[in-house]
Amino acid sequence: MGLKVVEEFLNACSGCELSILNMGETWVDVLKELEFVHMPLLIDNKYFGQTGEGTQIEIPEADIAIVSGSVRNEEQKQVLEEIRKKCKILIALGTCATNGGIPALANMWSKEEILNSIYVNPPKDVPAWLDRVYALDEIVKVDIYVPGCPPHAKNIADAITALIKGETWSLPERSVCDSCPLKREKKASSGTVKRSLENLEFDPEKPLDEMRCIMEQGFLCLGPVTKAGCRGDSDAPRCIRARIGCRGCFGPIRKGAKPMVEMMTAWSSIGLNAQAVPDRRALLNRFIGAHNNLRPLPKR
Ligand code: SF4
Ligand code: SF4
Ligand code: SF4
């Protein structure tokens, strides 16, 4: 009998679940060791019995829970708390689960401001919203963090393989820059941060290590303050491979880091004027608005 697995998505877009499917051939070996007992995306499980007759949320007991998405409403909070009670190890999958992700950009406004700006009459027959969007570890204990929007299939495979062997798993505290092959000269080619509508300079016929660092070319790249891991077994981080700057989707390099402050320092250290970047608060916290990184500003 394999390890029992519960997989659940909360305030999520299903991109994390696609990353699970993207594990491809790795699954051939891994699946032999696992038994999925709950996965709403693929298995028809209802929370309150198949005909809604139950009064308690029904989540089966399991060895591992893999949960994607942040927590926006009361139902997601209850489901998460029940999963935590029933499962020995909880994996937070994807940046919504580890840091709030894109949904936590909403934390810049109160829930009343958001609901009133969308609905004339906010709906009453759906689960009530929490005051803000939460990462999983603000509600329950998380054992393993697999960040990324979406996460890299290799990281998911490595985390699950480690658990099968009875080990734990985490990404090292390194930055995207540490795994980036682009050329650095430690000074910017201009003093202002350019808009991405302007073209980067590179020769598509030449390899990545002959291209100048995107940040030093004056464009936004959050590589200095973003956790490495999206590179997998390839030669460069995912966005850098596509010759665009890192947007920060793997979240901070370490817990408690302040990417906004660190990024301003990184810009200044090569002579870029960070003050010229519009909406820095949202831009530099784009994937990490939980943990109180984003809050409504006091009214002026
Ligand atoms: S982390 Fe990204 S891919 Fe995963 S659920 Fe959130 S938005 Fe979707
Ligand atoms: S700032 Fe961006 S382009 Fe430059 S080294 Fe870091 S990750 Fe690579
Ligand atoms: S380069 Fe940055 S934004 Fe792109 S996948 Fe990697 S961590 Fe995410």
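Shown above is the structure to which this text applies.
Attention here is on the structure that accompanies the text. (Residues numbered from 1 in each chain as written. Chains lettered and ligands numbered in written order. Predicted model: local features only at pLDDT ≥ 70, side-chain atom pairs only at ≥ 80, totals over all residues. Heavy atoms only, no water.)

Looking at a nonpolar patch on the surface
Working step 1: On the surface, L18, L21, L41, L42 and I43 cluster together into a nonpolar patch covering about 450 Å² of accessible area.
Working step 2: Residue placement: L21 occurs in helix α1 (residues 15–21). (Patch = residues over 30% accessible without salt bridge, like charges linked within 9 Å, V, L, I, M, F, W, Y side chains within 5 Å. Areas by Shrake-Rupley, 256 points an atom, 1.4 Å probe, with all protein chains shown as cover. Salt bridge = Lys/Arg side-chain N within 4 Å of Asp/Glu carboxyl O. Helix = DSSP H or I, 4+ residues; strand = E, 2+ residues; numbered from the N terminus.)

Regarding the site of ligand 3
Working step 1: By nearness alone, every residue bordering ligand 3 is listed as V176, T226, C230, R238, C239, C246, R247, G248, C249 and F250.
Working step 2: Of the residues contributing to the shell around ligand 3, the split by class is 6 nonpolar, 2 polar and 2 charged. (Near = heavy atom within 4 Å. Nonpolar A, V, L, I, M, F, W, Y, C, P; charged D, E, K, R; others polar.)

Side note on the packing of aromatic side chains
Working step 1: Applying the stated rule across the entire model yields 1 aromatic pair.
Working step 2: Seen in terms of ring centroids, W27 and F36 are 6.0 Å apart; in terms of plane orientation they differ by 65°. Their pairing is edge-to-face.
Working step 3: Residue F36 is classed as partly exposed on the basis of its relative accessible area, which comes to 21%.
Working step 4: Taking the ring centre of W129 as reference, the NZ or CZ of R72 above it sits at 3.9 Å.
Working step 5: A cation over a ring is seen here: R132 above Y134, with NZ or CZ 4.0 Å from the ring centre. (Phe/Tyr/Trp six-rings, centres within 6.5 Å; stacked < 30°, edge-to-face > 60°. Buried < 20%, exposed > 50% of the residue type's maximum accessible area, 1.4 Å probe, protein only. Lys NZ or Arg CZ within 6 Å of the ring centre and 35° of its normal.)

Examining the pattern of salt bridges
If charged atoms from side chains of opposite charge come close, those side chains can pair.
Working step 1: Under the criterion given, the structure shown has 17 salt bridges.
Working step 2: One salt bridge connects K88 with D63, and the closest N-O pair in it is separated by 3.0 Å. Of this pair, K88 sits in strand β5 (residues 87–93) while D63 is found in strand β3 (residues 62–68), placing the two residues 25 residues apart along the sequence.
Working step 3: Overall, the relative accessible area of 18% leaves D63 in the buried class.
Working step 4: In this structure, the salt-bridge partner of K141 is D143, at a minimum N-O distance of 2.6 Å.
Working step 5: Linked through salt bridges whose partners overlap, the residues forming this network are E185, K187, R212 and E216.

Thoughts on helix α3 (residues 74–86)
Working step 1: With 13 residues, α3 should reach 18 Å at 1.5 Å per residue; the first-to-last C-alpha distance of 19 Å fits that figure.
Working step 2: Looking at α3, one finds that the buried residues are Q76, V79, L80, E82, I83 and R84.
Working step 3: Regarding α3, its N-cap is N73, as a side-chain oxygen of that residue lies 3.1 Å from the backbone nitrogen of E75 further along. (Expected span 1.5 Å × (residues − 1). Polar contact = N/O pair within 3.5 Å; in protein donor to acceptor, adjacent residues only side chain to side chain.)

Notes on helix α6 (residues 153–164)
Working step 1: In this model, α6 (12 residues) spans 17 Å end to end at C-alpha, consistent with the 16 Å of a helix rising 1.5 Å per residue.
Working step 2: All of the buried residues in α6 are A153, N155, I156, A157, A159, I160, A162 and L163.
Working step 3: G166 sits one or two positions beyond α6 and adopts a positive phi of about 85°.

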